[in-house]
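# A closer look at the structure
Letter by letter, the chains look like this.
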Amino acid sequence: MSAEQIWITGIGAFSALGPDADALAQALETGHSGVSLQPGDPARGLAPFAAAVIDTPLGQEMPPAQRNLYDRHSLMALRASAQAWAQAGLPAQSGDPTRAAVAWGTGLGGSNSLQQSYTEALTKETPRVHPYTVVRVMSNSAASHLAMTYALRGAMLSISNACASSAQAIGEALLMMRQGRADLMLVGGSESMLNHGSVMAWQAMGVMAPPDADQPAQSCRPFDNGRRGLVLGEGAAALVLETASHARARGASALAVLAGYGHSVDAVHLSRPDADGQERALRAALSDAGLSPEDIAYVNAHGTATDVGDAVEAESLARVFGARGVPVSATKALHGHLIGAGGALELVACVQALRRGLLPPSAHVRESQLAAVVDLIRDEPRRFDTTRAIVSNSFAFGGSNVSLVVKGPSAH
């Protein structure tokens, strides 16, 4: 296993907070919310709900015949990846395709295309299901499109592990590169499940926050006493990973270093989080990075704003870092929960925090008993020592827990 550092040389983001990673960071620092009230469709059983929706048209630059191959989540993957690839300063396609790979995460893949096919099949006397439905829906569709776009022929890893999907894809990519299987990897995740069937399923589960009657944009309030659940979002985030030697050879510099990965499984319950499992993932990530709890400047919490979820995460953080031992915030309050893409988007937010020297606050917190357990960043961004590292947590239904560690290039 190589001890060579893995550099992050490019980042991209496409979310309800804006078209790129800089817009994401600016919105998180200023508390600008991408959440809005969606009307629902009572006639079809879909109640009004709050969500972080992207209004930007997608795929307009493509001929219709080409655009027909893509589900919405794959088009979002292209947008975020193009930014990351350009920032990394790479040629149109990778120099040695056999040493370049892709690792991508998604929770439901092409759920919009699946919804369209079911609607056609169940509501029309003579249904005409789109001939590309299968390749739009499959969970590896976004990864496949990215591999073809950038000539990534070394390997393709597609992770569908609920809310930990993209975080795990990034972590497994780190291991692949340490094993010497690739010099360059395009990693991240994309998700777009704001369709009737998916939203109704989340509403039926009882974990979606009802829209705030006065301020729908503040419907998601992680760590607040009045938190009532998550708000769904959509979007994509991408990062270019390179071995330090590969990046140096072409004159590239690091935005940050991907330093650690921890993964655990609760094996306790399908939807109830477990502090023991989360603690194991956190400690594994720190050990993998060769760091102690005292080396961590900030944790971007999974922070979904569910009653049990936030409390359990606060407990696991206190076990590892001590009560109020590390600054914490949850950015899902503003960009929503991107399910399989959430881990990648939040890691991009962490890289931006290192680059800008500002930790994003946890928005919409009015009163918080959990602030006695974690050092909750509220109201304003907080300056910090960028030579210290950052942890990003992603905890999934099914009991999968992932923690990632990033540090600034000046820290190596």
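Residues numbered from 1 in each chain as written. Predicted model: local features only at pLDDT ≥ 70, side-chain atom pairs only at ≥ 80, totals over all residues. Heavy atoms only, no water.

Check the secondary structure of the chain and you find 13 helices and 16 strands. Whereas a compact globule of 412 residues would reach a radius of gyration of roughly 22 Å, the chain reaches 20 Å, a difference of no more than 12%. Dimensions of the chain, computed from the C-alpha atoms along their principal axes, are close to 65 × 55 × 40 Å. Taking all 412 residues of the chain together, the buried fraction comes to 58%. Counted over contacts in the chain with a minimum sequence separation of 6, partners at least 24 positions apart contribute 78%. Of the roughly 15,400 Å² of accessible surface on the chain, 51% is carried by carbon and sulfur atoms. (Helix = DSSP H or I, 4+ residues; strand = E, 2+ residues; numbered from the N terminus. Rg over C-alpha atoms; globule rule 2.2 N^0.38 Å. Buried < 20%, exposed > 50% of the residue type's maximum accessible area, 1.4 Å probe, protein only. Contact = heavy atoms within 4.5 Å. Areas by Shrake-Rupley, 256 points an atom, 1.4 Å probe, with all protein chains shown as cover.)

Across the sheet, eleven strands lie side by side as β5-β4-β6-β8-β1-β9-β16-β15-β10-β11-β13; this open sheet has mixed pairing. Two strands close off the open sheet at either side, each with one partner strand: β5 (155–159) and β13 (375–376). The pairing of strand β4 (residues 100–105) with strand β6 (residues 184–191) spans six bridges and is classified as parallel. When the sheet's bridge partners are listed, V102 is paired in β6 with L186. Contacting β1 (6–15), β6, β8 (235–243), β9 (256–265), β10 (296–300), β15 (389–395) and β16 (400–407), helix α13 (residues 342–356) runs over the sheet at an angle of about 165 degrees to β15. (Pairing = 2+ DSSP bridges. Axes fitted to C-alpha atoms, helices over the stretch in contact; angles between N-to-C directions.)

This part is about the side chain of K407. Looking at the secondary structure, you find K407 in strand β16. Despite being buried, K407 has no salt bridge partner; D295 is the closest side chain of opposite charge, sitting 8.8 Å away. Among all residues touching K407, those that are not within four sequence positions of it are Q5, A256, V257, A259, L354 and A389. (Lys, Arg positive; Asp, Glu negative; His and termini not counted. Salt bridge = Lys/Arg side-chain N within 4 Å of Asp/Glu carboxyl O.)

So, on to the sheet that holds strand β3 (residues 49–52). Spatial ordering of the open sheet is given by β2-β3-β7, a layout of three strands whose pairing is mixed. Edge strands, defined here as strands with exactly one partner in the open sheet, are β2 (35–38) and β7 (232–233). As paired strands, β2 and β3 are joined by four bridges and run antiparallel to one another. In the sheet register, L37 faces β3, and the bridge partner there is A50.

Those places that UniProt annotates as "domain: Ketosynthase family 3 (KS3)" (unreviewed entry) correspond, in this numbering, to residues 3–408. The annotated region residues 3–408 carries 34% helix and 21% strand content, and the separation between its end C-alpha atoms amounts to 17 Å. (UniProt positions renumbered as here; feature names shortened; annotations may be inferred.)

Right, let's get into empty space enclosed by the protein. On inspection of all chains with the given rule, the structure shows one cavity of 30 Å³ or more. In this structure, the largest cavity occupies an estimated 50 Å³ of space. Surrounding the largest cavity, A25, L28, E29, A349, Q352, A353, R356, L358 and P360 form its lining. Looking at side-chain class alone, the lining of the largest cavity contains six nonpolar, one polar and two charged residues. (1 Å grid on protein atoms, 1.4 Å probe; cavity = no way out; pocket = protein on both sides within 12 Å on 5 of 7 lines; lining within 4 Å. Points joined across faces, edges and corners; volume = space filled by probe spheres on them. Nonpolar A, V, L, I, M, F, W, Y, C, P; charged D, E, K, R; others polar.)

In this structure, the largest pocket encloses a volume near 420 Å³. For the lining of the largest pocket, the leading source of residues is helix α11 (residues 307–321), giving five residues.

It is at 10 Å that the axes of helix α1 (residues 21–30) and α13 come closest, and there the two elements cross at 80 degrees. Here α1 is positioned roughly perpendicular relative to α13, judged by the angle of their axes. In contact with A21, D22, L24, A25, Q26, L28 and E29 of α1, α13 contributes L345, V348, A349, Q352 and R356. Residues that form the contact of α1 with α13 fall into these classes: seven nonpolar, two polar and three charged. (Parallel < 35°, antiparallel > 145°, perpendicular 65-115°, else oblique.)

Attention now goes to the pattern of salt bridges. One pass over the structure, following the stated rule, counts 19 salt bridges. The closest approach of N and O atoms between E242 and R250, which form a salt bridge, is 2.5 Å. The buried category is assigned to E242, whose relative accessible area is 0%. Looking at R250, the relative accessible area reads 29%, which means it is partly exposed. The residue D276 makes a salt bridge to R319 at a minimum N-O spacing of 2.5 Å. With D276 in helix α10 (residues 275–289) and R319 in helix α11, this pair connects stretches of sequence that are 43 residues apart. Taken together, the shared-partner salt bridges in this structure form one network comprising D276, E279, R283, E315 and R319.

For the rest of this paragraph, the subject is the pairing of β8. Most of β8 sits out of view: nine of its nine residues are buried. Side chains of β8 alternate between two faces, with G235, A237, L239, L241 and T243 and A236, A238, V240 and E242 buried alike. Relative to β8, β1 runs antiparallel, the two sharing nine bridges. Among the inter-strand pairings, A13 is bridged to a residue of β8, identified as A237. The pairing of β6 with β8 spans eight bridges and is antiparallel. In the strand pairing of β8, L184 is matched with E242.

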